[in-house]
Amino acid sequence: MKKTIVLTFIISCSISAQKITVNDSLKKNAGGRPEFNPKQLIIPAALMTYGIVAIESDYLKLINVEIRDELKENIDEKITIDDFSQYFPAASVYVLNNVGIKGKNNLKDRSIILATSYVLMSGSVMSLKTITQIERPDGSANNSFPSGHTATAFSGAEFLWQEYKDVSVWYGISGYLVATGTGFFRIYNGRHWLSDVAMGAGIGILSTKVAYWVLPYMKSHIFKSKKEVGIITPFYNGKQLGIGMVINFR
């Protein structure tokens, strides 16, 4: 029962993140960009707090172990869809724009946002992995905390939500469902503890929120080009599926 409660809490926080963001993000500053609102920190802060507390909490560590042991007893083979699903939410933004469903920002701006988010997210994840040195559930390495796959997925989910919440909330909800599924399969495959996934989700959401907040500064001080030329196309090399993007800012 306690495992079910904790899992439900994590998933509910993940999917409800965009509900809080709807009203808060509607507040615009003079430049037409969302203003910072402390309420937008509630969900990522809750997820990250859970992850951090679980590092030292015997109770939460016990939950991690019980989930790992229970899954071990019932899993016949691993499902590695999480290696691909982590990229689906972010890639969906470009795919939707390519088929004519326009989001909030143009190609240049949304690419700046995504790049900023990924820099913040990957820097945070790699730093914490190096500092914490927590063993993975399958014992394969000591870089379990936090989950990079989950952070990538939730960063993309928040990106998809921000770009398309004014078109249809279902785009954002779908992205968060995919991100939650990615986190679940990281646990299912024995690659991460529940606390790793919670921390990764919080980092991913927060990284994208920060990327939107700093966009005006990035545009005015770093990316001053006015024209853009871009080509986005899917690729498959026989082993990996992804999206290739070439952007030329003039």
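Everything discussed here concerns the structure shown above.
Parameters and conventions
- Residues numbered from 1 in each chain as written.
- Predicted model: local features only at pLDDT ≥ 70, side-chain atom pairs only at ≥ 80, totals over all residues.
- Heavy atoms only, no water.
- 1 Å grid on protein atoms, 1.4 Å probe; cavity = no way out; pocket = protein on both sides within 12 Å on 5 of 7 lines; lining within 4 Å.
- Points joined across faces, edges and corners; volume = space filled by probe spheres on them.
- Helix = DSSP H or I, 4+ residues; strand = E, 2+ residues; numbered from the N terminus.
- Nonpolar A, V, L, I, M, F, W, Y, C, P; charged D, E, K, R; others polar.
- Phe/Tyr/Trp six-rings, centres within 6.5 Å; stacked < 30°, edge-to-face > 60°.
- Patch = residues over 30% accessible without salt bridge, like charges linked within 9 Å, V, L, I, M, F, W, Y side chains within 5 Å.
- Areas by Shrake-Rupley, 256 points an atom, 1.4 Å probe, with all protein chains shown as cover.
- Salt bridge = Lys/Arg side-chain N within 4 Å of Asp/Glu carboxyl O.
- Axes fitted to C-alpha atoms, helices over the stretch in contact; angles between N-to-C directions.
- Parallel < 35°, antiparallel > 145°, perpendicular 65-115°, else oblique.
- Left-handed = near helix turned anticlockwise from the far one by under 90°.
- Contact = heavy atoms within 4.5 Å.

Undergrad: Run through empty space enclosed by the protein, naming residues and quoting values.
TA: Counted under the stated rule, the structure contains three cavities of 30 Å³ or more. Approximately 50 Å³ is the volume attributed to the largest cavity. If you trace the largest cavity, you find it lined by Ile-63, Asn-64, Ile-67, Arg-68, Pro-137, Ile-187, Gly-190, His-192, Trp-193 and Leu-194. Here the lining of the largest cavity takes four residues from helix H3 (residues 58-74), the largest share from any one element. Its residues placed into classes, the lining of the largest cavity shows six nonpolar, three polar and one charged.

Undergrad: Can you break down the packing of aromatic side chains residue by residue, with the values?
TA: Tallying each qualifying case throughout the model produces six aromatic pairs. Taken together, a centroid distance of 5.3 Å and an interplanar angle of 55° make the contact between Tyr-164 and Tyr-171 tilted. On the numbers, 5.9 Å between centres and 35° between planes, the contact of Phe-184 with Tyr-188 is tilted. Of this pair, Phe-184 and Tyr-188 both sit in helix H8 (residues 169-188), separated by four residues, roughly a single helical turn.

Undergrad: So, unusual backbone geometry: which residues are in play, and what are the values?
TA: For the peptide bond that leads from Phe-145 to Pro-146, omega is -5°, which places it in the cis range. The residue Pro-146 is located in the loop between helix H6 (107-132) and helix H7 (148-164) in this model. The residue Gln-133 is not glycine, and still its phi comes out positive at about 55°. One can find Gln-133 in the loop between H6 and H7.

Undergrad: Now, about a nonpolar patch on the surface: what can you tell me, with residues and values included?
TA: On the surface, Phe-84, Phe-88 and Val-178 cluster together to form a nonpolar patch covering roughly 220 Å² of accessible area. One can find Phe-88 in helix H5 (residues 88-98).

Undergrad: Summarise the packing of H6 against H7; cite the residues concerned and give the values.
TA: Put simply, H6 and H7 touch, their axes get as near as 10 Å, and they point 155° apart. Relative to H7, the element H6 lies roughly antiparallel. When you trace H6 past H7, the crossing you get is right-handed. Of the residues in H7, those touching H6 at Arg-110, Ile-113, Leu-114, Ser-117, Tyr-118, Met-121, Val-125 and Lys-129 are Gly-148, Ala-151, Thr-152, Ser-155, Phe-159 and Glu-163.

Undergrad: So what's going on with the packing of H7 against helix H9 (residues 194-213)? Which residues, and what values?
TA: Relative orientation of the contacting elements H7 and H9 amounts to 40°, with a least axis distance of 7 Å. Between H7 and H9, the angle falls in the class oblique. Taken as a pair, H7 and H9 cross one another with a handedness that is right-handed. Mapping the contact onto sequence places Thr-150, Ala-151, Phe-154, Ser-155, Glu-158, Phe-159, Gln-162 and Glu-163 in H7 and Val-197, Gly-200, Ala-201, Gly-204, Ile-205, Thr-208, Lys-209 and Tyr-212 in H9. Within the contact of H7 with H9, the residues separate by chemical class into seven nonpolar, six polar and three charged.

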